[in-house]
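If you want the building blocks of each chain, they are given just below.
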Amino acid sequence: MRNTNLDLLLYDTLTRRKRSVGTVSFGGGSDIINYYSCGPTVYHYAHLGNMRAYLFNDILVRVLRVIDYKVNYVMNITDVGHLTDDGDDGEDKLEVGANRENRTVLEVSEMYTEAFKEDIDILNIASPDIMCKATDNIAEQLSMIKTLEKKGYTYVISSGVYFDTSKIEDYTALSGVKLEEQMDGKRVSVLDKKTASDFCLWRFNEGITSNRSMSWSSPWGNGVPGWHIECSAMGHKYCKEGISIHTGGEDHIAVHHTNERAQNIGCYGGDWGVKMWVHNAHMMMGEKKMSKSSGDIIRPSDLDELGIHPLSFRLLTLQSHYRKQMKFSIELLKVADKLYKKLRHKISTELEFYPSKLKLDLDHEDIYKERFLEPILSDLNTAKGLSFLIELSKNLDRYSKKTASIIVSRIEEIFQLDLFKIIDDNDLNLSSIPIDVLKLIDSRKVAKENGDYKEADVIRNRLSLLGYKITDTSSGQKVQKITI
Ligand code: AMP
Ligand code: ZN
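Only a predicted model underlies this, so the values are computations on that prediction, with no experimental measurement involved.

Rules used in this analysis
Residues numbered from 1 in each chain as written. Chains lettered and ligands numbered in written order. Predicted model: local features only at pLDDT ≥ 70, side-chain atom pairs only at ≥ 80, totals over all residues. Heavy atoms only, no water. Donors = N, O, S within 2.8 Å, 3.2 Å for Na, K, Ca; no water. Helix = DSSP H or I, 4+ residues; strand = E, 2+ residues; numbered from the N terminus. Domains from an automatic or database assignment. Expected span 1.5 Å × (residues − 1). Buried < 20%, exposed > 50% of the residue type's maximum accessible area, 1.4 Å probe, protein only. Contact = heavy atoms within 4.5 Å. Salt bridge = Lys/Arg side-chain N within 4 Å of Asp/Glu carboxyl O. Phe/Tyr/Trp six-rings, centres within 6.5 Å; stacked < 30°, edge-to-face > 60°. Lys NZ or Arg CZ within 6 Å of the ring centre and 35° of its normal. Pairing = 2+ DSSP bridges. Axes fitted to C-alpha atoms, helices over the stretch in contact; angles between N-to-C directions. Polar contact = N/O pair within 3.5 Å; in protein donor to acceptor, adjacent residues only side chain to side chain. Right-handed = clockwise from strand over helix to strand, strands pointing away. Arc of directions from axis to C-beta.

Asker: Even after reading the chapter, I still don't get the coordination of the zinc ion (ligand 2), so can you show me in this structure?
Answerer: Note on metal geometry: ideal angles are 109.5 degrees for four donors arranged tetrahedrally and 90 or 180 degrees for six donors arranged octahedrally. Coordination of the zinc ion (ligand 2) by the protein is provided by Cys 38 (SG), Cys 231 (SG) and His 256 (NE2), with metal-donor distances spanning 2.1 to 2.2 Å. Site description for the zinc ion (ligand 2): donor spacing in sequence, C-x192-C-x24-H. Residue Cys 38 is located in the loop between strand E3 (32–37) and helix H1 (48–66), and its partner Cys 231 is located in helix H6 (residues 228–238); the two are separated by 193 residues in the primary sequence.

Asker: In this structure, what is going on with the domain arrangement of the chain? I would like to understand it.
Answerer: Accessible area lost upon the coming together of the parts is a frequently used measure of interface size. According to the domain assignment, the chain contains domain 1 (9–284), domain 2 (303–415) and domain 3 (430–481). Between the C-alpha centres of domain 2 and domain 3 there is a distance of 25 Å.

Asker: What's the story with helix H11 (residues 382–394) in this structure? I'm lost.
Answerer: It helps to recall that an α-helix has 3.6 residues per turn; residues three or four apart then point in one direction. Taking 1.5 Å of rise per residue, 13 residues should cover 18 Å, and H11 covers 18 Å from first to last C-alpha, within 8% of that figure. Within H11, the full set of buried residues consists of Thr 382, Gly 385, Leu 386, Phe 388, Leu 389, Ile 390, Leu 392 and Ser 393. The secondary structure elements touched by the buried residues of H11 are H1, helix H8 (310–318), helix H9 (330–350), helix H10 (362–377) and helix H12 (401–415).

Asker: In this structure, what is going on with the pattern of salt bridges? I would like to understand it.
Answerer: A side chain with one charge can pair with a side chain of the opposite charge if their charged atoms come near. Here the structure, examined in full by the defined rule, presents 21 salt bridges. Residue Asp 164 pairs with Lys 167 through a salt bridge whose shortest N-O separation is 3.7 Å. Among the residues examined, Asp 164 registers a relative accessible area of 4% and is labelled buried. Residue Lys 194 is joined to Asp 164 by a salt bridge in which the shortest nitrogen-to-oxygen separation is 3.7 Å. On the criterion of sequence distance, the pair formed by Lys 194 in the loop between helix H5 (179–183) and strand E10 (199–204) and Asp 164 in the loop between strand E9 (160–163) and H5 is long-range, its members being 30 residues apart. The class of Lys 194 is exposed, set by a relative accessible area of 57%. Counted as one network, the salt bridges with shared partners bring together Asp 58, Arg 62 and Arg 314.

Asker: Help me understand the packing of aromatic side chains, please; the structure alone is not making it clear to me.
Answerer: Here a ring pair, both rings aromatic, is described through the centre-centre distance and the interplanar angle of the planes. Tallied over the full model, the rule gives 12 aromatic pairs. Between the aromatic rings of Phe 163 and Phe 199, the centroid separation amounts to 5.0 Å while the plane-to-plane angle is 10°, which identifies the pairing as stacked. Here Phe 163 is found in strand E9, whereas its partner Phe 199 is found in strand E10, with 36 residues between them in sequence. Residue Phe 163 shares its accessibility class with Phe 199, and that shared class is buried. With a centroid separation of 6.1 Å and 75° between ring planes, the pair formed by Phe 313 and Phe 328 is classed as edge-to-face. Residue Phe 313 is located in helix H8, and its partner Phe 328 is located in the loop between strand E16 (326–327) and H9; the two are separated by 15 residues in the primary sequence. With respect to class, Phe 313 is no different from Phe 328; both count as buried. The aromatic ring of Tyr 45 is capped on one face by Arg 299, whose charged end is 3.8 Å from the ring centroid.

Asker: Just checking my understanding: could you explain the sheet that holds strand E12 (residues 245–249) for this structure?
Answerer: A sheet is described by the order of its strands in space; here five strands give the open sequence E7-E4-E3-E12-E13, paired in parallel fashion. Each edge of the open sheet carries a strand with a single partner, namely strand E7 (130–133) and strand E13 (277–280). Each neighbouring strand pair of the sheet contributes to a mean axis angle of 20°, computed without reference to strand direction.

Asker: Explanation requested: the environment of Ile 125 in the structure shown.
Answerer: Residue position: Ile 125 is located in the loop between helix H3 (105–122) and E7. By relative accessible area, Ile 125 is classed as buried at 5%. Residues within four places of Ile 125 in sequence aside, it is in contact with Met 51, Tyr 54, Leu 55, Asp 58, Arg 62, Ile 120 and Arg 314.

Asker: It is not clear to me how the side chain of Glu 95 should be interpreted in this structure. Could you clarify?
Answerer: Within the secondary structure, Glu 95 sits in helix H2 (residues 93–101). One polar contact links the side chain of Glu 95 to the main-chain amide nitrogen of Met 214, over a distance of 3.2 Å.

Asker: Just checking my understanding: could you explain the pairing of E13 for this structure?
Answerer: Taken residue by residue, a regular strand's side chains alternate between the two faces of the sheet. Taking every second residue as pointing to the same face, both faces of E13 are buried, with Trp 277 and His 279 on one and Val 278 and Asn 280 on the other. Both E12 and E13 contribute to a ladder of four bridges, which runs parallel. Considered in E13, the bridge of His 246 is made with Trp 277. The handedness of the E12 to E13 crossover, carried by helix H7 (residues 253–268), is right-handed.

Asker: How do you make sense of H3 when you look at a structure like this?
Answerer: For H3, which comprises 18 residues, the first-to-last C-alpha distance of 26 Å matches the rise-based estimate of 26 Å (1.5 Å per residue) to within 8%. The set of residues buried in H3 consists of Val 105, Val 108, Ser 109, Tyr 112, Thr 113, Ala 115, Phe 116, Asp 119 and Ile 120. The arc that holds the buried residues of H3, viewed along the axis, is 165°, so those residues lie on one side. Turned more than 90 degrees away from the buried face of H3 sit Leu 106, Glu 118 and Asp 121, all of them exposed.

Asker: Sorry, what's going on with the pairing of strand E4 (residues 70–77) here?
Answerer: Counting buried positions over the eight residues of E4 gives seven, a clear majority of the element. Regarding topology, H1 serves as the crossover connection from E3 to the parallel E4, and that connection is right-handed. Sheet topology places E4 next to E7; four bridges connect them, and they run parallel. Paired with Val 74 across the two strands is Ile 130, which belongs to E7.

See below:
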């Protein structure tokens, strides 16, 4: 049972209105949220545009946990089936990646999955509870296609098994666009499909001209699954009662999620499905969205070299609403970086972290709720929450140190900007310091605050053995790497 009656309102793409998350939860105490997010296609590095999507998921999941939901956070890893064109056109992206790099598909998917995990870690994005690969769940996908066939939703043509979209009455309900308009101008490469919007569930090897290294047997012939079936099959497998919230970027609304929804309706009728669809808008560089295929991408790990702290990107995304297109440029990022470093310096040197949920007096509890939590709980207005944090950091004299510290500690449960860790622009970028060393630096700060100078000296010596010199300045501890 949850210990709060606070709830989160989110904009549901399907019903086109804001709905309370409490209406889509499961469990005896209605406290379980089955959360499914479309994850990366691992044929290339994930870029900052993708990271906007994962940061949005991270903030959303953290908010749900702060208001005491138990979140079962599932993310798929697409390592087969996603073609270079989101319609049924082009080549499998994983095969393209393997050819480009002269490696096997498995090598490519493993390498980019690891890179993805490192990149989300740099941005303090927590790992999902379950990360499931499409290629580990082929049997589940085949079983779903068999059910769809039995129920009359499929047909077979020379290139594969297809889903008959004319069987779904409100097929385009997610995009809200008429089918003719949705398909207008779209190139249809599979000419023997019954309807242009029909999509592939199982793609045969037979007749293909390009190299294809992945193949599984099926009742209809050897081949690979279509892209959309993986999310329906894994969603059902890992979210048994149903999916409370399904997220993804806005590019998924018209094709990927529309088709996922059609598969769910065909296979399970109304008995199982997605209760709420939530989509983030794109991050744009000028008129274009940042995309892997354009080649013009920046990864979180590239930011260090630009002299930008990676968490400044986290702050930049907090400044815009997830449903609005986010403007991105290096100039904007540099402005965010300045703000971030100033904010972190102020908080880390003047306040201290309180890990447990300490109580505030009533007035300050109200301030925290009204100025921070309420905007966040109203469809994730992170920008408003962030302005409160900045305003608070500029007016620390209006609060006691403990009150301000508790408020910022609570904000950090969601924002995760590492605001309590000392930063010094002239010295090391904190993201390049190993976590063990950071912990020692933090514990030395605590030792000094407690007047335990002996312990502080012991820690200083240990840091020096690890290759880090620490000096005390008026603005806190200064860290430098010892070069020999
Ligand atoms: P992909 O790896 O291309 O399948 O994309 C992974 C996730 O990132 C999906 O939810 C996409 O919708 C999302 N995405 C891709 N490009 C952008 C972008 N420029 N801005 C925001 N989200 C994006
Ligand atoms: Zn998906």
